[in-house]
Each structure stands twice: as structure tokens, then as C-alpha cells.
Amino acid sequence: MANKKITYAVSGVNIQEGYKEVQLIKHLAKSTYSKQVLNNLGSFAGMFKIPKGMQAPILVSGTDGVGTKIAIACQQKKYDTVGIDCVAMCVNDILCHGATPLFFLDYIACGKLDAFIARDLVKGVVAGCKLANCALIGGETAEMPGFYKAGDYDLAGFSVGVVEQQQIVNGNNIEIGDVLIGISASGCHSNGFSLIRKVFKNLNEYFNHQPIWKELLKPTKIYVKPVLTLMKQVKVKGMAHITGGGFIENVPRMLTRTNMQIVIHKNSYPLPKIFKLINERGVELDHMYNTFNMGIGFVLCVTPKDAKKTMRILKQNGETAYEIGYIAKGRKPICLK
């Protein structure tokens, strides 16, 4: 008897399902295109024309994923929001240097591809790109049987932005006495989910009159539009995206001199209920400030005279902001009071 022919399909990779996915997402990606996009989805590479009129354009890039938050999405079969998280994690990072996001590429990996699940993941990516005013110009879907289990998906991305060289925000001109403005988060965002999944083993327990998984899957807020609007009116000296490592790791990253210290007043804004619950379940607050955003997703550094104006402009653009601290003299990177 002849041996059964070995094919890619026998090994667990369904090429036809990949073709189906491309057809399902082409129109989604195209809805994000601007005049600067020079390729169609399906090209070997994405091409984007740098906007005209810039004197010394500097490209700023960032890459990230959604971490184990996607495990909750897979468990609940709710795939169309984590793509927003993926975009947010990248564009908020490049925004910290004053860059305007230009384009985005995504990467989906799985054990067994379902074209409709991949489409839903891309729906979230497209929604995120529209919130950030950037184009989805390419991506990759990898079906990896034997590495991922059937039903497992991973999602990561990559973004490129641009900023005039003279307008780069790098923290070099931050001074002692400058004020820190915190912009509220939309929830847990996309960090600390390995710990969150240990704390909340029953994702159907009720929180705020709904299953807690709905709270946990709230997408990461994208700060691009309000912050870029603010920067046209206020000199922003430093910015920090509060991701993995929480306040303790991220806010000091805006400083470039060792004789300065970040001072944060923990009681300067209301702590969201979800973080109070995590604390009640046994996670110490000190550890939480080194893990989660604790209700503040983005931090700005401005002069004291610009503090009220900054909060007013942010409010006019739909954001809730608080004066949460200041820059002090000291060698310890951060002090939480």
C-alpha cells in the first residue's frame, strides 16, 4: 500500500483558510488608507509616503503585543476589541516622543486558523488605527500547529510615526518644579493580565452589574488625538505611557537627568473600583503601582503656568485629567506619597 501523501494540510496548515482571511480583511484595511499609502494589502511590503512640508522628519517606531489579555478574549470568544489594545500599545508609545502615527502592521499567530476569528481580530486593529489616524498597510498571519493549540491566538503589532526633529519630546528641558498631569485610563488596559487571571479565575463573576470579563476586555485608550491637539497649544516637556511596570517603571523614563525625582500623589485622583477589588483580593498596593496603570494611562509634564490650560484643553477634547504630581530634586527615580 502506498503511503499517504504528506501535504501542508496534513501537517495542520490550511492555506485556503489563509486566502479566505485575506479576502475578509482587505476592505477593512483599505478603510484606513490615506493618500500616503502606496500599496494594496497583499503586497510583499507596505509603502508609505512621508507627508510633504516637513523640514527634518524623524521616524519613530514602536512594537508591542496584547499579552495574555488575549487569553480572556479567546475564552469568551470576543475577538473584536483586543486589536484596539494592540494598536494602542504601539501608538501611545511613539506618541511619548511627540510623533504622529503614520502606519501600522499587525501579526497574528495561531494553532488552527479560523478566517472569521482573524477577521474579527483585524476589525479591532482597524478600529484602533482609525482612533490613531494611521493606516493599516500590511501584516502577517502565521498558522503554527504543534506550537500553539487549536483555539489559541496571539496578536502583536508595529507602528511608525513621524516628528520634526526640533519638536521631539525627550525630557531634556524638564525642570524641578514642573507639573505632572495624568490622563485617565479606560480600565486595566493591556498589562498585568497574567496576574489578573490569577486573581479572577471566574470570569463570569459580577462586577458593576455585568460579568467581570467585560470590564477586563475594555480596550486600551488611544491618546493620540487629544495629546497631539494639546501639543499645538502647550509646550509638553515629557510624556509617559503607563504600561507594564506601572507608575514606578514608566513615569521616570521621561527624565534624562539623575538629580531629578518624580513625585506622585496617590490621592490626587480617584482609584478605579477594579483596582480596589484587585487589592482586596490580596495584591499589595506597592506591587500594583509597579504592575498596573492604577487609573492613569498617560502622564504629561508641563510648566506650572501651563497646568490649568493643559487640563482645560484635555477636557475640551473629551479627556479627564488630574494634576497628580511634580518634579522634585532627588536621586530616587520616583516617590509615591
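Okay, so let's go over this structure. (Residues numbered from 1 in each chain as written. Predicted model: local features only at pLDDT ≥ 70, side-chain atom pairs only at ≥ 80, totals over all residues. Heavy atoms only, no water.)

Moving on, we come to the overall build of the chain. For the chain, the count of helices and strands is twelve helices and twelve strands. Taken over the C-alpha trace, the chain has a radius of gyration of 21 Å; the compact-globule value for 337 residues is 20 Å, and the two agree within 12%. Along the three orthogonal principal directions, the C-alpha set of the chain runs to about 80 × 55 × 35 Å. Out of the 337 residues belonging to the chain, those deemed buried represent 51%. Taking the contacts inside the chain whose residues are at least 6 apart along the sequence as the reference set, 85% of them involve residues at least 24 apart. (Helix = DSSP H or I, 4+ residues; strand = E, 2+ residues; numbered from the N terminus. Rg over C-alpha atoms; globule rule 2.2 N^0.38 Å. Buried < 20%, exposed > 50% of the residue type's maximum accessible area, 1.4 Å probe, protein only. Contact = heavy atoms within 4.5 Å.)

A contiguous nonpolar patch, built from Tyr-8, Ile-15 and Tyr-19 and spanning about 340 Å² of accessible area, is present on the exposed surface. Mapped onto the elements of the fold, Tyr-19 is located in helix α2 (residues 15-30). Given the relative accessible area of 51%, Tyr-19 is considered exposed. (Patch = residues over 30% accessible without salt bridge, like charges linked within 9 Å, V, L, I, M, F, W, Y side chains within 5 Å. Areas by Shrake-Rupley, 256 points an atom, 1.4 Å probe, with all protein chains shown as cover. Salt bridge = Lys/Arg side-chain N within 4 Å of Asp/Glu carboxyl O.)

What follows concerns the packing of α2 against helix α5 (residues 115-132). Between α2 and α5, the least distance of the axes is 9 Å, while the angle of their chain directions is 25°. In terms of orientation, α2 lies roughly parallel with respect to α5. With respect to the hand of their crossing, α2 and α5 are arranged in right-handed fashion. Facing α2, whose interface residues are Glu-17, Lys-20, Glu-21, Leu-24, Ile-25, Leu-28 and Ala-29, α5 presents Ala-115, Phe-116, Ala-118, Arg-119, Val-122, Lys-123 and Val-126. Looking at the contact of α2 with α5, its residues break down into nine nonpolar, no polar and five charged. (Axes fitted to C-alpha atoms, helices over the stretch in contact; angles between N-to-C directions. Parallel < 35°, antiparallel > 145°, perpendicular 65-115°, else oblique. Left-handed = near helix turned anticlockwise from the far one by under 90°. Nonpolar A, V, L, I, M, F, W, Y, C, P; charged D, E, K, R; others polar.)

With that out of the way, let us pick up unusual backbone geometry. The backbone of Asn-133 shows a phi angle near 60°, a positive value even though the residue is not glycine. Structurally, Asn-133 is set in the loop between α5 and β3 (135-143). Exposure remark for Asn-133: the relative accessible area of 57% places this residue in the exposed category. Look at Asn-208: it is not a glycine, yet its phi comes out positive at around 50°.

Below, the discussion takes up the sheet that holds strand β1 (residues 57-65). If you trace the four strands from one edge of the open sheet to the other, you get β1-β4-β2-β3, paired in mixed fashion. In the strand order of this sheet, the two ends are held by β1 and β3, each with one partner. Within the sheet, the average angular offset between the axes of one strand and its neighbour, ignoring direction, is 15°. As paired elements, strand β2 (residues 100-110) and β3 share eight bridges and run parallel to each other. Bridge pairing in β3 links Phe-104 to Leu-136. (Pairing = 2+ DSSP bridges.)

Where helix α4 (residues 82-95) meets helix α8 (residues 224-231), the axes come as close as 10 Å, and the angle between the chain directions of the two elements is 10°. Taken as axis vectors, α4 and α8 run roughly parallel relative to one another. Contacts between α4 and α8 pair Val-91, Asn-92 and Leu-95 from the former with Val-224, Val-227 and Leu-228 from the latter. Here the contact of α4 with α8 is composed, by residue class, of five nonpolar, one polar and no charged.

Defined simply, a disulfide is a covalent bond joining two cysteines at their sulfur atoms. Throughout the structure, instances matching the rule amount to zero disulfides. No disulfide involves Cys-301; its sulfur sits 13 Å from the nearest other cysteine sulfur, which is in Cys-96. (Disulfide = S-S within 2.5 Å.)

This brings us to helix α12 (residues 307-316). Here α12 has its buried residues at Ala-307, Thr-310, Ile-313 and Leu-314. The arc that holds the buried residues of α12, viewed along the axis, is 130°, so those residues lie on one side. Summarising the geometry of α12, the exposed residues directed more than 90 degrees from the buried face are Lys-308, Lys-315 and Gln-316. Elements in contact with the buried residues of α12: β5 (179-184), α8, β10 (296-302) and β11 (321-329). Residue Gly-318 follows α12 closely and has a positive phi angle near 85°. (Arc of directions from axis to C-beta.)

Using the criterion set out here, one finds seven aromatic pairs in the structure. Seen from their ring centres, Phe-147 and Tyr-148 are 5.2 Å apart, and the 75° between their planes marks the pair as edge-to-face. The class of Phe-147 is exposed, set by a relative accessible area of 62%. Seen in terms of ring centroids, Phe-275 and Phe-292 are 5.8 Å apart; in terms of plane orientation they differ by 45°. Their pairing is tilted. With Phe-275 in helix α10 (residues 273-280) and Phe-292 in the loop between α11 (285-288) and β10, this pair connects stretches of sequence that are 17 residues apart. (Phe/Tyr/Trp six-rings, centres within 6.5 Å; stacked < 30°, edge-to-face > 60°.)

Another point: the side chain of Asp-106. Along the polypeptide, Asp-106 turns up in strand β2. Lacking a salt bridge, the buried Asp-106 has Arg-119 as its closest oppositely charged neighbour, with an N-O distance of 12 Å. (Lys, Arg positive; Asp, Glu negative; His and termini not counted.)

Next up on the list: the layout of surface pockets. Over the atoms, a rolling probe the size of a water molecule traces out where space has been left empty. Considered as a void within the structure, the largest pocket measures approximately 690 Å³ in volume. Lining the largest pocket are 31 residues, with Glu-21, Val-22, Gly-139, Glu-140 and Thr-141 sitting closest to its centre. Among the secondary structure elements, those contributing two or more residues to the lining of the largest pocket are α2, β2 and β3. It is β3 that contributes the most residues to the lining of the largest pocket, eight residues altogether. Grouping the constituent residues of the lining of the largest pocket by class yields 17 nonpolar, ten polar and four charged. Here the second largest pocket is characterised by a volume of approximately 390 Å³. As for the second largest pocket, its lining consists of 20 residues, of which Gly-98, Val-163, Gln-167, Val-169 and Met-231 are closest to the centre. Of all the elements in the fold, those that place two or more residues in the lining of the second largest pocket are β4 (153-164) and α8. (1 Å grid on protein atoms, 1.4 Å probe; cavity = no way out; pocket = protein on both sides within 12 Å on 5 of 7 lines; lining within 4 Å. Points joined across faces, edges and corners; volume = space filled by probe spheres on them.)

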